[in-house]
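Each chain, letter by letter, is given below.
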Amino acid sequence: MLGALLLTSGSRPARDAWGPVSRDYEVHEHSILLTEDEYSVLEQVAQHVPEDDVILANPWGGGALAYSMVDREVSSRHVSTMVDSPYAPIVAGIDDPAQRDEVCRAVAETGAYWYLDFVDSAGMGGAQDDVFAPLEEAVRSGLMDPVVVEGDVGLYRIDFC
């Protein structure tokens with residue numbers, strides 16, 4: 001069985017079938033998983049984010065790749081986990097001045113001083129993207145300091161606490 005699989009995987013029909021799929025995982029301007037700008041930001045994360053800190057990241061936008069690609073802890077490692085509970089007060093309340101004390105307490109307790117603002121290029125997050133909307137609003141309103149920005153994406157630091 002294994003031999004048959006190996007023989008067919010190298011055949012032209014198998015290559016033709018895998019070709020379009022593999023192109024979805026290449027990094028280029030219109031990549032589905034990770035754009036060139038996002039890749040460029042990820043390459044610089046280790047220079048700025050200390051090993052013990054945590055990065056707030058929407059897994060649907062690709063920010064969770066910081067965990068596997070640059071060995072930094074993220075708030076959500078996989079699309080099946082939106083936001084682990086210690087980070088929920090930060091994500092939900094960062095753009096609300098009335099929640100500033102609770103947000104700052106959670107930032108200090110978790111070490112989640114960072115946010116990777118990546119784009120859900122595939123458009124698959126849907127309602128889950130709304131969970132991370134307060135972080136995106138905080139970036140737009142200048143509540144977080146830009147550290148590395150490439151195009152429409154970037155690494156930001158929460159410095160107001």
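Report on the accompanying structure. The model shown is predicted, which means the values in this text are computed figures rather than measured ones.

A word on the sheet that holds strand β3 (residues 114–117). Sheet architecture is open: five strands sit in the order β2-β1-β3-β5-β4, paired in mixed fashion. Looking along the sheet, the strands with just one partner apiece sit at the ends: β2 (73–74) and β4 (144–150). Of the strand pairs in this sheet, β3 and strand β5 (residues 153–158) are connected by four bridges, and their pairing is antiparallel. Within β5, the position partnered with Leu-116 by the bridge is Leu-155. Across the sheet, helix α8 (residues 133–140) touches β1 (54–57), β3, β4 and β5, and the angle it forms with β3 is around 95 degrees.

Now for the packing of aromatic side chains. Under the defined criterion, the tally for this structure stands at zero aromatic pairs. Between Arg-100 and the ring centre of Phe-160, over which it is positioned, the NZ or CZ distance is 4.1 Å.

If you walk through the whole model with that rule in mind, you get three salt bridges. As a salt-bridge pair, Glu-137 and Arg-140 come within 3.2 Å of each other at their nearest N and O atoms. One end of the pair, Glu-137, and the other, Arg-140, are both in helix α8, three residues apart, so they sit about a helical turn from each other. Given a relative accessible area of 32%, Glu-137 falls into the partly exposed group. Salt-bridge contacts for Arg-157 lead to Asp-159; the nearest nitrogen and oxygen are separated by 2.7 Å. In this structure Asp-159 comes out as partly exposed when scored by relative accessible area, which is 38%.

Here β4 runs beside β5; their pairing, made up of six bridges, is antiparallel. Along β5, the bridge assignment pairs Asp-145 with Arg-157.

Looking now at the pairing of β3. Two faces belong to every sheet, and in a regular strand the side chains alternate between them. Burial along β3 is two-sided: the face carrying Trp-114 and Leu-116 and the face carrying Tyr-115 and Asp-117 are both buried. Of the pairings in the sheet, the one linking β1 to β3 comprises three bridges and is parallel in character. The residue bridging Leu-56 from the neighbouring strand is Tyr-115, located in β3.

What counts, and at which threshold
- Residues numbered from 1 in each chain as written.
- Predicted model: local features only at pLDDT ≥ 70, side-chain atom pairs only at ≥ 80, totals over all residues.
- Heavy atoms only, no water.
- Pairing = 2+ DSSP bridges.
- Helix = DSSP H or I, 4+ residues; strand = E, 2+ residues; numbered from the N terminus.
- Contact = heavy atoms within 4.5 Å.
- Axes fitted to C-alpha atoms, helices over the stretch in contact; angles between N-to-C directions.
- Phe/Tyr/Trp six-rings, centres within 6.5 Å; stacked < 30°, edge-to-face > 60°.
- Lys NZ or Arg CZ within 6 Å of the ring centre and 35° of its normal.
- Salt bridge = Lys/Arg side-chain N within 4 Å of Asp/Glu carboxyl O.
- Buried < 20%, exposed > 50% of the residue type's maximum accessible area, 1.4 Å probe, protein only.

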